[in-house]
Amino acid sequence: MTSNVSEALGYEQARDELIEVVRRLEVGGTTLEESLALWERGEELAKVCRQWLEGARKRLDAALAGEERSEEAEAGAEAGT
């Protein structure tokens, strides 16, 4: 369950907040309830980061596939002349 606020976060914002959440959990000194809330927020932020990275991977794959098709079409055109 990702909130609208998390969906609006950019990758860098989500990553930076996730780093802060992890730091706070590692330092300790929070109540169990606070720790659970931080953990849940960290999971949400990690999901946002994964979604951004998966989207970037898809865009790169599509760009590379398009480049390959262009090169194949050029090679085919040259072979036909």
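In this report, the structure presented in the accompanying data block is examined. Since this is a predicted model, take the numbers as computed values, not measurements.

Glancing now at the overall build of the protein chain. Counting its secondary structure elements, the protein chain contains three helices and zero strands. Of the regular secondary structure in the protein chain, the N- to C-terminal order runs α-α-α. For a compact globule of 81 residues, the expected C-alpha radius of gyration is about 12 Å, and the protein chain comes in at 21 Å, more than 25% above that figure. C-alpha extents for the protein chain along the principal axes are approximately 75 × 25 × 15 Å. In the structure as shown, the protein chain presents an accessible area of about 6400 Å², 56% of it carried by carbon and sulfur atoms. In the protein chain, which carries 10 positive and 19 negative side-chain charges, the distance between the mean positions of the two groups comes to 4 Å.

Of all hydrophobic cores here, the largest spans seven residues; its members are Leu9, Ala14, Val21, Leu38, Leu45, Val48 and Cys49. Elements with a contribution of two residues or more to this core: helix H2 (11-27) and helix H3 (32-80). The greatest single-element share of this core, amounting to four residues, is contributed by H3. The contacts of Val21, once residues within four sequence positions are left out, are Leu38, Arg41, Gly42 and Leu45.

The rules behind the values
- Residues numbered from 1 in each chain as written.
- Predicted model: local features only at pLDDT ≥ 70, side-chain atom pairs only at ≥ 80, totals over all residues.
- Heavy atoms only, no water.
- Helix = DSSP H or I, 4+ residues; strand = E, 2+ residues; numbered from the N terminus.
- Rg over C-alpha atoms; globule rule 2.2 N^0.38 Å.
- Areas by Shrake-Rupley, 256 points an atom, 1.4 Å probe, with all protein chains shown as cover.
- Lys, Arg positive; Asp, Glu negative; His and termini not counted.
- Charge placed at Lys NZ, Arg CZ, Asp CG, Glu CD.
- Core = buried A, V, L, I, M, F, W, Y, C linked by side-chain atoms within 4.5 Å.
- Buried < 20%, exposed > 50% of the residue type's maximum accessible area, 1.4 Å probe, protein only.
- Contact = heavy atoms within 4.5 Å.

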